[in-house]
Amino acid sequence: MAVAEALQETRVSHLDLSEYVCVPLGTSVRDALLRLRQQRSGAALVTDADERLQGIFTERDVMLKVADDPGAADAIVDTLMTAPPQTLSDSA
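Read on for a plain summary of the structure. (Residues numbered from 1 in each chain as written. Predicted model: local features only at pLDDT ≥ 70, side-chain atom pairs only at ≥ 80, totals over all residues. Heavy atoms only, no water.)

Some words on the nonpolar core
For soluble globular proteins, nonpolar side chains are generally found buried alongside one another.
And step 1. By size, the foremost hydrophobic cluster in this structure holds 15 residues, and its most contacted members are Phe-57 and Val-66.
And step 2. Elements that contribute at least two residues to this core include exactly strand S1 (21-24), helix H2 (29-38), strand S2 (43-47) and helix H3 (59-66).
And step 3. Per element, the largest residue contribution to this core is 4 residues, and it comes from H2.
And step 4. Every residue in contact with Val-66, bar those within four places of it in the chain, is listed here: Val-29, Phe-57, Asp-61, Ala-72 and Leu-80. (Core = buried A, V, L, I, M, F, W, Y, C linked by side-chain atoms within 4.5 Å. Buried < 20%, exposed > 50% of the residue type's maximum accessible area, 1.4 Å probe, protein only. Helix = DSSP H or I, 4+ residues; strand = E, 2+ residues; numbered from the N terminus. Contact = heavy atoms within 4.5 Å.)

Concerning unusual backbone geometry
And step 1. In the segment running from Ala-83 into Pro-84, the intervening peptide bond is cis, with an omega of -15 degrees.
And step 2. Assignment of secondary structure puts Pro-84 in the segment after H3.
And step 3. A positive phi angle is found at Arg-40, which is not glycine, with a value near 50 degrees.
And step 4. Mapping Arg-40 onto the fold places it in the loop between H2 and S2.
And step 5. Residue classification places Arg-40 among the exposed residues on the basis of a relative accessible area of 80%.
And step 6. Even without being a glycine, Glu-51 presents a positive backbone phi close to 65 degrees.
And step 7. Tracing the backbone through its elements, the reader meets Glu-51 in the loop between S2 and strand S3 (53-58).

Everything listed is a geometric property; what it means functionally is a separate question.
Right, here's the structure in full:
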């Protein structure tokens, strides 16, 4: 089976998505990066007080928005995350 065919046949619900990093709105970039390093993850889901997804903070955000700006580590993740994130249903 070709990779393209396998990707078309695999549903989101079949993926193991049990381990992920989640941080609340208002988290500092420094704290988000610490959590990402500790859990060896490349992305953090950013949620509001009701645990609704508001954005995603990824390694790409770090490279494009933090790496060249030492002061950005003290910013809050809300200002640098990608929002609103695109999502898929579990049947996709």
